[in-house]
Amino acid sequence: MSLHDDAVLVLKGYEDQADLRQAYLDHLAARPDAMWKACEEGHLTASALVVDPERGRVLLTLHKKLRMWLQMGGHCEPADTSLAAAALREATEESGIPGLTLLPGGPVRLDRHPIPPPCHCHFDVQYAALAPSGAVETISDESLDVRWFAYDEVADVADESVVRLLDATRARL
């Protein structure tokens, strides 16, 4: 199975956010390259909000290009076997935390947002990743900083998409 096929299956099984889900499926059907960064019409990305439920906090990255506090995530790569694998790889690379596990139940949310040219938008499939006890983060080359924030601090530093992802994640914990 290809990463494209995995994306279609994941999204077909995802019942929440029906209109956005259909936009993802339409994009995948229209663009054989919809999984890849080279697709300038927009492409799927995979992200994960790193959560430490024992301490009531999340790890956010200060994105180097956007200069915004965001969840970990990015582009799918040819070696990724699924969107979940891409999200977990990105979360591990950007947080520096080994042993992350995805919250069971598949993606937590879908989000579509514009990005700077040459691409037009990201169709982000958002997961949550559970940090192991005693997790220690490190700053990757893609980040200006990584920092833990208490749940109630996130709205003060991040945009509404991150707040919605946190709310959906907490509802599933």
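Our structure is the block above this text.
Keep in mind the model is a prediction, meaning the values are calculated, not measured.

Participant: Mind showing me how you'd approach the pattern of salt bridges here?
Facilitator: Pairing between side chains of opposite charge can happen when the charged atoms of each approach one another. Counted according to the given criterion, the structure contains eight salt bridges. A salt bridge links Asp 80 to Arg 89; the shortest N-O distance between them is 2.8 Å. Asp 80 sits in the buried class, given a relative accessible area of 8%. Arg 89 serves as the salt-bridge partner of Glu 93, at 3.3 Å between the closest nitrogen and oxygen. Highlighted residues: Glu 93 and Arg 89, both in helix α3 (residues 83-95), separated by four residues, approximately one helical turn.

Participant: Please explain the pairing of strand β6 (residues 109-114) as it appears in this structure.
Facilitator: Regular strands place side chains that alternate from one sheet face to the opposite one. Strand direction decides the pairing type here: β6 and strand β7 (residues 121-130), joined by six bridges, are antiparallel. Bridged to His 113 within β7 is His 122. Where β6 hands over to β7, the hairpin turn is made up of six residues, counted between the paired strands.

Participant: Before we go on, may I ask you to explain the nonpolar core in this structure?
Facilitator: Side chains that are nonpolar tend, in soluble globular proteins, to be buried together. Of all hydrophobic cores here, the largest spans 29 residues; its most connected members are Leu 44, Val 50 and Leu 83. When contributions to this core are tallied by element, the ones reaching two or more residues are α2 (18-30), β1 (43-52), α3, β7 and β8 (143-150). Take this core: its biggest share by element is five residues, from β7. Membership of the second largest hydrophobic core comes to 18 residues, among which are Val 51, Val 58, Val 108 and Phe 149.

Participant: What should I look at first to understand the side chain of His 27 in this one?
Facilitator: Along the chain, His 27 falls in helix α2. Not counting the four nearest positions on each side in its chain, His 27 is found in contact with Ala 34, Cys 39, Glu 41, Gly 42, His 43, Leu 44 and Phe 123.

Participant: Could you clarify how one ought to interpret unusual backbone geometry in this entry?
Facilitator: Peptide bonds are mostly trans, and most non-glycine residues show a negative phi. In the Ramachandran plot, Arg 67 falls in the positive-phi region, its phi being about 55 degrees despite a non-glycine side chain. For Arg 67, the location among the structural elements is in the loop between β2 (57-63) and β3 (69-70). For Arg 67, a relative accessible area of 60% puts it in the exposed group.

Participant: Looking at this structure, I do not really get the environment of Pro 78. What am I missing?
Facilitator: Here Pro 78 lies in the loop between β4 (72-75) and α3. Given a relative accessible area of 75%, Pro 78 falls into the exposed group. Pro 78 sits 42 residues away from Trp 36 along the chain, and the two C-alpha atoms are 8.6 Å apart.

Participant: Sorry, what's going on with α3 here?
Facilitator: Three- or four-residue spacings in an α-helix give side chains the same orientation, since the helix completes a turn every 3.6 residues. In this model, α3 (13 residues) spans 18 Å end to end at C-alpha, consistent with the 18 Å of a helix rising 1.5 Å per residue. The complete set of buried residues in α3 reads Leu 83, Ala 86, Ala 87, Arg 89, Glu 90, Ala 91, Glu 94 and Ser 95. Phi turns positive, to about 75 degrees, at Gly 96, one or two residues after α3.

Participant: Just to check I follow, could you spell out the packing of aromatic side chains for this structure?
Facilitator: The description of an aromatic ring pair rests on the distance of the ring centres and on the angle between the ring planes. According to the stated counting rule, one finds two aromatic pairs in the structure shown. Between the aromatic rings of Trp 69 and Phe 149, the centroid separation amounts to 5.0 Å while the plane-to-plane angle is 75 degrees, which identifies the pairing as edge-to-face. Of this pair, Trp 69 sits in strand β3 while Phe 149 sits in strand β8, and the two are 80 residues apart along the sequence. For Trp 69, a relative accessible area of 11% translates into the label buried.

Participant: Just checking my understanding: could you explain the side chain of Ser 82 for this structure?
Facilitator: By secondary structure assignment, the location of Ser 82 is in the loop between β4 and α3. Judged by its relative accessible area of 17%, Ser 82 falls in the buried class. Of the polar contacts made by the side chain of Ser 82, one reaches the backbone nitrogen of Ala 85; its length is 2.9 Å.

Analysis parameters
Residues numbered from 1 in each chain as written. Predicted model: local features only at pLDDT ≥ 70, side-chain atom pairs only at ≥ 80, totals over all residues. Heavy atoms only, no water. Salt bridge = Lys/Arg side-chain N within 4 Å of Asp/Glu carboxyl O. Buried < 20%, exposed > 50% of the residue type's maximum accessible area, 1.4 Å probe, protein only. Helix = DSSP H or I, 4+ residues; strand = E, 2+ residues; numbered from the N terminus. Pairing = 2+ DSSP bridges. Core = buried A, V, L, I, M, F, W, Y, C linked by side-chain atoms within 4.5 Å. Contact = heavy atoms within 4.5 Å. Expected span 1.5 Å × (residues − 1). Phe/Tyr/Trp six-rings, centres within 6.5 Å; stacked < 30°, edge-to-face > 60°. Polar contact = N/O pair within 3.5 Å; in protein donor to acceptor, adjacent residues only side chain to side chain.

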